[in-house]
Structure formats: C-alpha cells, structure tokens
Amino acid sequence: MYGIVYTKPCENPRTDSCISPYLAGKPRLQLSVYTALRPNADGGHSLIHREEEFDVNTRFERLINVSVPKKTRKNGTLYAMVFLHQAGVTPWQDPHQVHLVTQLTTYMMPKPPEISLITGQDDPQKPDQQKQSSESDLERPVSHWRSRLTLNVVSENFQFDREALPGDVHRYMRVYQDGKKMIYLPLLFVDELSNRVKDLMEINSSSAELPLTISYDSIALGKLRFWIHMQDAVYSLQQFGFTEKDADEIKGIFVDTNLYFLALTFFVAAFHLLFDFLAFKNDISFWKHKKSMVGMSSKAVLWRCFSTIVIFLYLLDEQTSLLVLIPAGIGSLIEVWKVKKAFKIHIIWRGLTPTFLFGKQDESEKRTGEYDTLAMKYLSYLLYPLCLGGAGYALVFVKYKSWYSWIINSLVNGVYAFGFLFMLPQLFVNFKMKSVAHLPWKAFMYKAFNTFIDDVFAFIITMPASHRLACFRDDVVFLVYLYQRWLYPVDKTRVNEYGVSYDEEPKGKSHKD
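Residues numbered from 1 in each chain as written. Predicted model: local features only at pLDDT ≥ 70, side-chain atom pairs only at ≥ 80, totals over all residues. Heavy atoms only, no water.

Trainee: Lay out the overall build of the protein in plain terms, naming residues and giving numbers.
Mentor: Summing up its helical and strand segments, the protein has 15 helices and 17 strands in all. For the protein, with 513 residues in total, the buried portion stands at 45%. When contacts within the protein are restricted to residue pairs at least 6 apart in sequence, long-range pairs at least 24 apart make up 77% of them. Summed over all atoms, the accessible surface of the protein reaches about 28,800 Å², with 59% contributed by carbon and sulfur. (Helix = DSSP H or I, 4+ residues; strand = E, 2+ residues; numbered from the N terminus. Buried < 20%, exposed > 50% of the residue type's maximum accessible area, 1.4 Å probe, protein only. Contact = heavy atoms within 4.5 Å. Areas by Shrake-Rupley, 256 points an atom, 1.4 Å probe, with all protein chains shown as cover.)

Trainee: Which residues make up the packing of aromatic side chains, and what values go with them?
Mentor: All chains considered together, the criterion is met by 12 aromatic pairs. Seen from their ring centres, Y34 and W92 are 5.3 Å apart, and the 75° between their planes marks the pair as edge-to-face. Here the residue Y34 occupies a position in strand β2 (residues 29–36), and W92 occupies one in the loop between β5 (79–86) and β6 (98–103), the gap between them amounting to 58 residues. Ring centres 4.9 Å apart and planes at 65° place the aromatic pair F54 and Y216 in the edge-to-face group. (Phe/Tyr/Trp six-rings, centres within 6.5 Å; stacked < 30°, edge-to-face > 60°.)

Trainee: How would you explain the state of the cysteines if you had to name every residue and give the values?
Mentor: Evaluation of the coordinates by the stated rule reveals 1 disulfide. Covalently, C10 is tied to C18 through a disulfide, its sulfur atoms 1.6 Å apart. The S-S bond linking C10 to C18 shows a torsion near -60°; that makes this disulfide left-handed. A single burial state applies to C10 and to C18, both of which are buried. (Disulfide = S-S within 2.5 Å.)

Trainee: Kindly report on the sheet that holds strand β13 (residues 188–190), identifying the contributing residues and their values.
Mentor: Backbone-to-backbone hydrogen bonds pair the strands of a sheet. The strands run either parallel or antiparallel. Ordered in space as β4-β15-β9-β13, the 4 strands form an open sheet in which the pairing is mixed. Only two strands of the sheet have a single partner each, and these edge strands are β4 (60–67) and β13. Within this sheet the neighbouring strands show an average axis-to-axis angle of 25°, counted without direction. Across the face of the sheet, helix α6 (residues 221–239) comes into contact with β9 (148–154), β13 and β15 (209–219) while running at roughly 40° to β13. (Pairing = 2+ DSSP bridges. Axes fitted to C-alpha atoms, helices over the stretch in contact; angles between N-to-C directions.)

Trainee: Could you give me a rundown of the UniProt feature "transmembrane region" (unreviewed entry) in the protein, with the residues and numbers involved?
Mentor: UniProt annotation of "transmembrane region" (unreviewed entry) refers to residues 259–280, 301–316, 378–397 and 403–424 when read in the numbering used here. Between the end C-alpha atoms of residues 301–316 the distance is 23 Å, and the span holds 100% helix and 0% strand. Taken end to end, residues 378–397 is 100% helix and 0% strand, and its two terminal C-alpha atoms sit 30 Å from one another. (UniProt positions renumbered as here; feature names shortened; annotations may be inferred.)

Trainee: Mind laying out a nonpolar patch on the surface, listing which residues take part and the relevant values?
Mentor: Together, L264, F267, F271 and L274 line one region of the surface with nonpolar side chains, adding up to about 390 Å² of accessible area. By the element assignment, F271 lies in helix α8 (residues 259–288). On the accessibility criterion, F271 (37% relative accessible area) is partly exposed. (Patch = residues over 30% accessible without salt bridge, like charges linked within 9 Å, V, L, I, M, F, W, Y side chains within 5 Å. Salt bridge = Lys/Arg side-chain N within 4 Å of Asp/Glu carboxyl O.)

Trainee: Describe unusual backbone geometry, with residues and values.
Mentor: Backbone geometry places K26, a non-glycine residue, at a positive phi of 50°. Within the secondary structure, K26 is located in the loop between β1 (18–21) and β2.

Trainee: An account of the pattern of salt bridges is needed here, citing residue identities and associated values.
Mentor: Taken as a whole and judged by the stated rule, the model has 7 salt bridges. Note that R148 and E61 form a salt bridge whose closest N and O atoms lie 3.7 Å from each other. Linking R148 in strand β9 with E61 in strand β4, this pair joins segments that are 87 residues apart in sequence. Overall, the relative accessible area of 52% leaves E61 in the exposed class. Measuring nitrogen to oxygen at the nearest pair gives 3.4 Å for the salt bridge that ties E335 to K338. Of this pair, E335 and K338 are both found in helix α10 (residues 322–342), 3 residues apart, which corresponds to roughly one turn of the helix. Given the relative accessible area of 8%, E335 is considered buried. Judged by its relative accessible area of 2%, K338 is buried.

Trainee: Give a detailed account of the sheet that holds β1, specifying residues and quantitative values.
Mentor: In spatial order, the strands read β10-β1-β12-β11; together these 4 strands make up an open sheet with mixed pairing. Both edges of this open sheet fall to β10 (160–161) and β11 (175–178), since each of them pairs with a single strand only. Bridge count between β1 and β10: 2 bridges; the pairing is antiparallel. Residue pairing in the sheet places C18 in a bridge with D161 of β10.

Trainee: How would you sum up the pairing of strand β12 (residues 181–184)? Please name residues and give values.
Mentor: When β1 meets β12, the two strands line up parallel, connected through 3 bridges. Counterpart to P21 in the pairing with β12 is Y184. Two strands pair when backbone bridges link them, and β11 and β12 are joined in this way by 4 bridges, in the antiparallel orientation. Within the sheet, the bridge partner assigned to Q177 lies in β12 and is M182.

Trainee: Which residues make up the nonpolar core, and what values do they have?
Mentor: Core analysis: the biggest nonpolar cluster contains 31 residues, and F54, W145, L149, L151, V153 and L212 have the highest contact counts within it. Sorting the residues of this core by element identifies β2, β3 (45–54), β4, β5, β9, β13 and β15 as the ones contributing at least two each. Looking at which element gives the most residues to this core, the answer is β15, with 4 residues. Those residues within four positions of L151 in sequence are excluded, and the remaining contacts are L31, V82, F189, V190, I214, S215, Y216 and D217. Membership of the second largest hydrophobic core comes to 26 residues, among which are L193, L221, I250 and L262. (Core = buried A, V, L, I, M, F, W, Y, C linked by side-chain atoms within 4.5 Å.)

Trainee: Summarise the pairing of β2; cite the residues concerned and give the values.
Mentor: Of all 8 residues making up β2, 8 are buried, and the element is well covered by its neighbours. Burial along β2 is two-sided: L29, L31, V33 and T35 and Q30, S32, Y34 and A36, pointing in opposite directions, are all buried. When β2 meets β5, the two strands line up antiparallel, connected through 8 bridges. When the sheet's bridge partners are listed, L31 is paired in β5 with L84.

Okay, structure coming up:
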C-alpha cells in the first residue's frame, strides 16, 4: 500500500533525469468532450460540452443532454472522447493535447417486468419494458446508458524521476522534449469506478436524448495510483467471470465508503474469514461426534435448514452479489447435513431408489423432544397467522416477476421477520433443563463474533433490506444465549447428567506411567 501511495520525487530538479510538469507554466486550458460511434472517431464526432476557462483546481459539475444516434438506439454503442488542450484552438490543432476515450454505454441483461399476480396489471411507470415481454428479448443483453462521466486531473506540480517512473502512471503519461528538459502533459483520468449499475438507464428506440452528468475534480497523485490499481482489480474480476453487477458491488465498497471506514472494514474482514473458518470447523467437528440429541432442539435444527435454503433461493432470485450468495449456499449444505445427523437418517440405495431409515430416540431425547414440541406449540399461535397475513397482503398490493418470486419472497419475509422466534425453542429447552452443556459453545462463540462483524458489513455491502435487518435481529438472540451461559455455569471437567461433557476432547492413549 505504501508503495502505491508514495512516489519517489526527483531529488535534483536541475538534472536531465527529471520529468517536469506542463502545468507548472500555468497555461490556459480548455476541456472538450465529444461523442463518436467508434473509439477512433471514424465516422464522425459531435461536440457535447466545452469548458472554456478550465481551471485544474476548480471543481465543477455539469448536467447536459446528449443526442443519441440511431445506431446506438438500435442496441449499439457510443463513446466519449475527452480532450484537455490549449484554449482557443481545436484539439486537433494543439500538439500538446491529451485525450482519453471511454464508453458511454454498456451491455446488461434487462430487468424482468413486475406485474400484479391477481389483476395481471403491469407496472405503469415502465411502458418501454412492457414491450420486451418475450423470453428471447429478456435473455438478450441490451445497451444501457451511463449517466455519469467523472474526470480527474493531477493538480500537484510533481517532478518524476526518469529512473523511478511508476508503471501505473506511465500509461497515462505523454512526454515531449523542450530543449534539454523532459515535460509531461497533464495526467487526465476517467474514473470508471464511479459508474454504478444504479445509475444505468436502458436505451430504447425512443431515447433521442439522454442526460449526462459531467463532474470534475482534481486528484492527488497517490490517490490516482490507488484508483488505477482498484480499476485494474475490478477489470480482472470481470475477466474471471464476475458479472457487471458483481463488479459493481466491489466498486461500491471503494466509491461509497469513507476511506478510513474502508480500512477498518479490511481489517475486520480478515477476522471475519478466520472466525468463519473456525466456526465451520468446530461446528462440523461437534456434529460429527454428536451421537445424542439430549438437550438439543431438533425442530430448531430443522428450521435452520429450511430457513437457510429459503434465504439462499431468495438471494438467488434477487441476483444478489456473490459476496453474500456463496456463503449462504455453503451454509445451506451444512444445515442439510446437520438435519441428517439430528434425526439419525440413514440412506440406503436400492439401485436408483433411495430408502430413508430413521433412528430411535432414548428416554432423555424423548424428554427433550417434549419440551421442544411444547415450545413450538406456543410459537405457532403467533407465527402462522402473521406469515399468512403478510403473504396475502403482498399478493394484493405488491408486484412480482412470477408466482415463484411471490412464494420465495413470502417465505423469506417470514424467515427474516419471525425467524428468530424459531431460535426460541432452544432457549426454552435450556430453561427447562437448566443446562447449556449440550451446546457447541466453541462454534457458537465464533458465530457470535461473526454476527457482530456482519453488522459492519450490513452498511457497506449492497443486499436486500430484509437481509440487512436480519443481521441485527441475530444479535438479540446471541445476547440471550450468553445470558443463559452465565446463568447456568458449566464445569468443563465434569460429565453432565446426560453423559455429555461441555468440552469433549478426543480420547488419546494414556501414558505408560
């Protein structure tokens, strides 16, 4: 990081080894922006904005309307050519001009239209999307308009050492000879990280003019180098198969977040990965050696399996970022394995037909099951009417893409809004048995740490609002578990009344002495 932010200056400015800035002479500059159908301007170009008295240190923002050519409206592309040149002349007449070319359009899959499942009425605010009702249209990427163009110029008069010129800056640098001196032209930069998916507008045949916000601000050399590396990292992710939306989540972390908060997030994320690994390791180890369900709520295990699968399907339907989707998918597979262990399910294959065998419960497990059933009975009086009422309300007043989308949204709203109630049977079992020795406390504490870390991520990673609220919901349940942990202390060295130790260690061979 220090190597990126810090650039070694030229130690002796009077020698020929230094490259001096063109801006040190304070020339009169002009900023011109053109549009073209091709990046090399073959086929013509059109001037869309001119900033005549351009000051490198003066920040500005301009909202203009851009005429969209017919070829672009027919699912084509459009480029912006940004020139910084001497005032009073055209860019092609100035030998010391600098320019960059960037796309004003990008291709994305169109968002499926949402309808009322009862009346069949489309969203009246999106008539253009209604025309694209066929599946072939929805599966074909269409051209979208980038409504922001963010420009930067390095304002500091920095003298580079020719022998220590950074490679990331070199590709943006144009140099010319002035006698014995080497002069570099202004470092012009187009900020691609500021192009967010939320700012995109779908282009259709009626889009004769579209708005474009041109914003400019000066930039420090260190920040420019950091931004270049971040843009390269996002581009590399897209080459490895990340979609435009996945890359947009990464952009949002850098663009929409305070840099100090971002540094804190990177630091916390390292611990999040560590706790994730330790939680999975200890949780799997606990359930692998678990032979009795005494004191464990089997219905809570079944509910967690159901809820994680529903949440995964919901996140998949909402096309959520892979940063959230992949951990949810892994968690779902682990919860399915836990259900198999909790209900002592054995699968016997007879050819291609599976047969499921369920193990028997002993007396202590049956007593735990009675407490579990009693807790679920009380919860059902509150839970089922609320979930059915919420699903009915959403069906009447909310628009969805399909019946499947309504079912998944209704289920996940029940999971998010009332899911913590299904964690209560375990609290009830703990209360009845006055013991917490049967719980996997190592894995539990790692998950507790990650729950509070998730609260930090809930603010900086784009996710559905209900998923964000669920992060804070889990905090309350973990605090109650911690209170029970304090209320019912456990002696690690004592085997409890169910024959289960709080912290089971693998039995090793005894020493010969």
